[in-house]
Amino acid sequence: MKITDETIDHLSHLARLEFNGDQKERIKTDLTKIIDFVDQLSSVNTDGVEPLIFMTETENVLRDDVDVVTISQTEALKNAPVHDTDYFKIPTVLKK
Amino acid sequence: MYHSFDEIKAALDHGTSVESITKHYLKRIDEKKHLNAFLEVFADSALAQAKRVDEKLKNNTAGRLAGVVIGLKDNLAYKDHKVSASSKILEGFVSLYTATAVERLIAEDAVIIGRLNCDEFAMGSSNENSAFGNVLNPHNEKMVPGGSSGGSAVAVAAGLCTASLGTDTGGSIRQPASFTGTIGFKPTYGRVSRYGLLAYASSFDQIGPFANTVKDVALLTEIMAGKDEFDSTLLQEDSKNFLPAFDTTRKLKIAYIKDCIESEGIDPEIRSRIFEIIEKLRSLGHTVNAVDFPYLNQMIPTYYVLTTAEASSNYARYDGVHYGYHSSNAEGVEDTYKKSRSEGFGEEVKRRIMLGTFVLSHGYYDAYYTKGQKVRRVIQNKTKEILTNHDFIILPTTPTTAFEIGANVADPITMYLQDIFTVQANLSGNPAISLPLGNHSNGLPFGIQAMGKHFDEAGLLSFSDYLMSNCK
């Protein structure tokens, strides 16, 4: 399968990543190779096979519906790169 | 040097303190710094914990792991300590809580000595994808230690701690165990809580131990195992006794996968060692049968389609806003996400996020993602069928011994094929262990792998102990 610049642009936007110049060429080559490699999947006959989605047979493992505070606001902001006393901060969205 | 918990217990009986055992390891870590196994040593909290355990020992209130010193792979949370998954995107991140598996070890009075280098976000087979430098194999420092839990394997191999924790998504405990001559165990999917593990591929990831004896591996697994309200995939029954106790009157039926042994690229010495072990088991009265497994070439592709899809979704949380690396070159929200992620993630992680995004994208979802889930069921069914007719499967852990640093970095696919024999257990969810039963003429160790039935940790570990004593 041929991976084009447009495919890379589309996928990198979905993944919120950026690839420029050499990096873009590299990811294009790598993805082409890897997709060719994973195409070997099609050689397995899976007619009538249900997709395997859940790896365990346990079902509906639920806890009681009681609210608990697991992380305080101070803790939640502790690792934020930019924050004030109450909020996570992001760069200005609307310019004056 | 303490080789096992039994040796530590003997030392404690002779008056050694946990504090002095911890100091011994701290000194050893410092001497072996150049191996780059530890990203950070928790000297202060380890010594404080050691003193607490010594007090408990005096009062006869100590837990089952008093004296054991453990290193954590750098993707397991330990409250008030840093964790980074060997990634720049989490540099400086401090855990707000402790992973359940780690919490349970601490509750039994283990000392946690530091966090161990690994491939970034557990993606890799050589520890060369770490943002903080590669790890050297103590058997030959020109060689990789394997990955992704490379630091965890080396820490045990070089005597830097009694045991360590790793995680195994496609072979990341067993492959480095093979390369470093240690025991590495991946329990059944659903046996050990992943709460506090920085997820890679949630339907594959398992936490497991590295140690020098099967007994230590069994004890740690037994303590970590069992239901936890924070991981709903777990088997809802209490943990059993996993301590090895092989019934020597028992005659086993063991399978070996012909396609693995006959595959190209397997080192001839590893192949002949497998046959030697098969003959030994036969001579001990067990039945060993060759079985077909016609999906060898499709396993790694299935693994990559499914794990990258899950990773691309799991890694959406690394946004440069709530925690972790934040690009200062960005304008507005979307640009903050894109720049922080592009500057923070390493090359292999971005490559896998892109593949995962591709297989989940409109127009390709059914052909890749759904198809992968169907092939996974075919592989699981075939594995179940083999293990319905047999007690265990034995196979090599890795096709070769440790390779040279830099040898496989150019082509991602040759690196991916490192996992060819280990990935089956992750696709099917079975428990599997790598045992250091091979010594190559090139001077390097290699592992022999045994796989058991779902949730038969007790049986598999007993068989492992039996193999270790009879096939040395």
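Reading the values: rules and limits
- Residues numbered from 1 in each chain as written.
- Chains lettered and ligands numbered in written order.
- Predicted model: local features only at pLDDT ≥ 70, side-chain atom pairs only at ≥ 80, totals over all residues.
- Heavy atoms only, no water.
- Contact = heavy atoms within 4.5 Å.
- Buried area = accessible area lost by both parts, 1.4 Å probe.
- Salt bridge = Lys/Arg side-chain N within 4 Å of Asp/Glu carboxyl O.
- Polar contact = N/O pair within 3.5 Å; in protein donor to acceptor, adjacent residues only side chain to side chain.
- Helix = DSSP H or I, 4+ residues; strand = E, 2+ residues; numbered from the N terminus.
- pLDDT = per-residue confidence, 0-100.
- Axes fitted to C-alpha atoms, helices over the stretch in contact; angles between N-to-C directions.
- Parallel < 35°, antiparallel > 145°, perpendicular 65-115°, else oblique.
- Left-handed = near helix turned anticlockwise from the far one by under 90°.
- Buried < 20%, exposed > 50% of the residue type's maximum accessible area, 1.4 Å probe, protein only.
- 1 Å grid on protein atoms, 1.4 Å probe; cavity = no way out; pocket = protein on both sides within 12 Å on 5 of 7 lines; lining within 4 Å.
- Points joined across faces, edges and corners; volume = space filled by probe spheres on them.
- Nonpolar A, V, L, I, M, F, W, Y, C, P; charged D, E, K, R; others polar.
- Phe/Tyr/Trp six-rings, centres within 6.5 Å; stacked < 30°, edge-to-face > 60°.

With that out of the way, let us pick up the interface of chain A and chain B. Between chain A and chain B, the residue contacts involve 54 residues of the former and 75 residues of the latter. Summed over the three residues of chain A that lose the most area to chain B, namely Leu41(A), Leu52(A) and Met55(A), the buried surface amounts to 13% of that side. There are six salt bridges connecting chain A and chain B. For Lys79(B), the salt bridge goes to Glu75(A), with nearest N and O atoms at 3.9 Å. Summed over the shared surface of chain A and chain B, the result is 15 residue pairs in polar contact (both at pLDDT 80 or more). When residues of the side of chain A that touches chain B are traced back to their parent elements, those giving at least two are helix H1 (5-14), helix H2 (21-38) and helix H3 (73-78) of chain A. Sort the elements by how many residues they give to the side of chain A that touches chain B and H2(A) lands first, with nine residues.

Looking at chain B, the pLDDT average stands at 96 and 100% of residues meet or exceed 70. Taken together, the chains of this predicted complex give a pTM of 0.97 and an interface ipTM of 0.96.

A separate point is the packing of H2(A) against helix H12 (residues 347-360) of chain B. Packing of H2(A) against H12(B) brings their axes to within 11 Å, and their N-to-C directions diverge by 55°. Classified by the angle their axes make, H2(A) and H12(B) are oblique. As for the relative orientation of H2(A) and H12(B), their crossing is right-handed in sense. Facing H2(A), whose interface residues are Arg26(A), Ile27(A), Asp30(A), Leu31(A), Ile34(A) and Ile35(A), H12(B) presents Glu347(B), Arg351(B), Met354(B), Leu355(B) and Phe358(B).

Tracing the backbone through its elements, the reader meets Thr370(B) in helix H13 (residues 365-389). With relative accessibility at 15%, the residue Thr370(B) sits in the buried group. Contacts of Thr370(B), omitting those with residues within four sequence positions, involve Pro51(A) and Tyr365(B).

Residues and elements named next belong to chain B. Within this structure, the stated rule accounts for three cavities of 30 Å³ or more. Here the largest cavity defines a volume of roughly 60 Å³. Around the largest cavity, the lining comprises 13 residues; the ones closest to its centre are Ala122, Gly124, Ser172, Tyr303 and Asp419. A class-by-class count of the residues in the lining of the largest cavity yields five nonpolar, six polar and two charged.

Another aspect to go through is the packing of aromatic side chains. All names here are of chain B. Counted according to the given criterion, the structure contains 24 aromatic pairs over all chains. Plain terms: the ring middles of Phe93 and Tyr323 are 5.4 Å apart, the flat faces sit at 65° to each other, and that makes the pair edge-to-face. Linking Phe93 in the loop between strand S2 (69-73) and helix H4 (100-107) with Tyr323 in the loop between helix H10 (296-314) and helix H11 (332-344), this pair joins segments that are 230 residues apart in sequence. Of the residues examined, Phe93 reaches a relative accessible area of 17% and is grouped as buried. The exposure class of Tyr323 is partly exposed, given its relative accessible area of 25%.

Our focus in this paragraph is the packing of H10(B) against H13(B). All names here are of chain B. Axis separation between H10 and H13 bottoms out at 9 Å; the angle between their running directions is 130°. As the angle between them shows, H10 and H13 are arranged oblique. When the axes of H10 and H13 are compared, the crossing they make is left-handed. Two secondary-structure elements touch here, H10 through Met299, Thr302, Val305, Leu306 and Ala309 and H13 through Tyr368, Tyr369, Gly372, Gln373, Val375, Arg376 and Ile379. Residues of the contact of H10 with H13, tallied by class, amount to eight nonpolar, three polar and one charged.

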